[in-house]
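A look at the structure
Here is how the chains run, residue by residue.
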Amino acid sequence: MATTFSESKHSLMDRAQQRLATTVAEPQWTTRQKLALTCRVLFDGGHDSGLTGQITARAEAPDTYYTQRLGLGFDEITEDNVLVVDEDLTVLEGDGMANPANRFHSWIYRARPDVNCIVHTHSFHVAALAMLEVPLIVSQMDTTPLYDDCAFLRDWPGVPVGNEEGDIIATALGDKRAILLAHHGQIVVGATVEEACTLGVLIERAAKLQLTAMAAGEIQPLPDKLAREAHDWTLTPQRSRANFAYYARRALVRHPDAVTG
């Protein structure tokens with residue numbers, strides 16, 4: 001006989017979160033492997049734009065991070081060709097060089113000690129939305145992890161390879177988990193690689209939904225209280241791990257070379 005039909009929504013949500021915490025196993029992937037898998041996941045999700053975009057994750061030594069090698073596309077990144085660089089983009093481990101645009105990652109990491117992974121891409125629908133100089137509108141349940149969590153930089157500062165652009169972008173991002181860059185692309189940041197990967201998938205979907213809805217009519221806002229509840233419900237470490245594990249399994253079917261260990 002059912003015993004939960006008289007319980008409140010809050011009680012049921014707490015129960016589900018507790019159960020999720022004990023039933024979702026965390027695969028024993030290294031940070032290098034997670035970064036390589038994130039590159040493949042986002043490549044399959046429409047984030048490919050030639051050699052543009054960077055995905056980084058803090059490395060073990062202070063003020064260092066993992067990133068991909070300039071000259072390789074997201075679909076070519078493996079755990080073995082990932083670089084380790086310092087804040088000056090000096091390569092400490094690996095061959096080749098980092099993308100010079102990684103400089104603004106150094107600025108974000110300095111400003112946000114809570115951030116352990118940064119995803120920057122020029123995905124198709126995000127880039128199209130950025131051309132309109134309008135902020136991201138979150139008005140659909142699946143994309144609520146980004147509700148009131150996406151900043152907007154309206155003024156394009158040019159190619160982001162200088163310290164000026166790093167300061168501008170880090171300041172505009174503030175305490176948000178994402179930012180839409182007009183005439184450019186997007187950045188998402190996460191406490192974990194799993195969180196950043198999940199938000200990277202979602203921001204492209206949110207931009208595609210927004211463009212489609214804008215073409216059909218006027219987008220209606222979500223109720224603020226319920227949207228914030230959904231944001232907090234869908235953006236937990238356990239759920240990010242579960243999302244990432246699914247995305248990674250799917251990516252490994254298509255790209256078994258990403259993880260070699």
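Parameters at a glance
- Residues numbered from 1 in each chain as written.
- Predicted model: local features only at pLDDT ≥ 70, side-chain atom pairs only at ≥ 80, totals over all residues.
- Heavy atoms only, no water.
- Helix = DSSP H or I, 4+ residues; strand = E, 2+ residues; numbered from the N terminus.
- Rg over C-alpha atoms; globule rule 2.2 N^0.38 Å.
- Buried < 20%, exposed > 50% of the residue type's maximum accessible area, 1.4 Å probe, protein only.
- Areas by Shrake-Rupley, 256 points an atom, 1.4 Å probe, with all protein chains shown as cover.
- Lys, Arg positive; Asp, Glu negative; His and termini not counted.
- Charge placed at Lys NZ, Arg CZ, Asp CG, Glu CD.
- Axes fitted to C-alpha atoms, helices over the stretch in contact; angles between N-to-C directions.
- Parallel < 35°, antiparallel > 145°, perpendicular 65-115°, else oblique.
- Left-handed = near helix turned anticlockwise from the far one by under 90°.
- Contact = heavy atoms within 4.5 Å.
- Nonpolar A, V, L, I, M, F, W, Y, C, P; charged D, E, K, R; others polar.
- 1 Å grid on protein atoms, 1.4 Å probe; cavity = no way out; pocket = protein on both sides within 12 Å on 5 of 7 lines; lining within 4 Å.
- Points joined across faces, edges and corners; volume = space filled by probe spheres on them.

Labelled according to an unreviewed UniProt entry, the protein chain appears under the name Aldolase, originating from Mycolicibacillus parakoreensis.

A look at the overall build of the protein chain
Secondary structure assignment for the protein chain yields eight helices and eight strands. A globule of 261 residues ought to have a C-alpha radius of gyration of about 18 Å, and the protein chain, at 19 Å, matches this closely. Judged by the C-alpha coordinates and their principal axes, the protein chain covers about 65 × 45 × 35 Å. Residues classed as buried in the protein chain amount to 47% of the 261 residues present. Approximately 12700 Å² of the protein chain is accessible, and the part contributed by carbon and sulfur atoms is 55%. Charge centroids of the protein chain, computed over 23 positive and 34 negative side chains, lie 7 Å from each other.

A look at the packing of helix α4 (residues 124-131) against helix α6 (residues 193-216)
Between α4 and α6, whose axes approach to 7 Å, the crossing angle comes to 55 degrees. With respect to α6, the element α4 is oriented oblique. Of the two possible hands of crossing, α4 and α6 adopt the one that is left-handed. Of the residues in α6, those in contact with Phe124, His125, Val126, Ala128 and Leu129 of α4 are Ile203, Glu204, Ala207, Lys208, Gln210, Leu211 and Met214. Of the residues that constitute the contact of α4 with α6, the class distribution is eight nonpolar, two polar and two charged.

Notes on the environment of Ala251
Inspection of the secondary structure assignment puts Ala251 in helix α8 (residues 237-254). Among the residues examined, Ala251 registers a relative accessible area of 2% and is labelled buried. Along the sequence, Ala251 and Thr38 sit 213 residues apart, while their C-alpha atoms lie 8.8 Å from each other. The residues touching Ala251, leaving out its near neighbours within four places in the chain, are Arg40, Val41 and Asp44.

A few points about the layout of surface pockets
In this structure, the largest pocket spans a volume of roughly 160 Å³. Every residue lining the largest pocket is listed: Met141, Asp142, Pro145, Thr198, Leu202, Thr234, Leu235, Arg239, Asn243 and Tyr247. Taken together, the elements giving at least two residues each to the lining of the largest pocket come down to α6 and α8. With three residues, the top contributor of residues to the lining of the largest pocket is α8. Among the residues making up the lining of the largest pocket, the classes are represented as five nonpolar, three polar and two charged.

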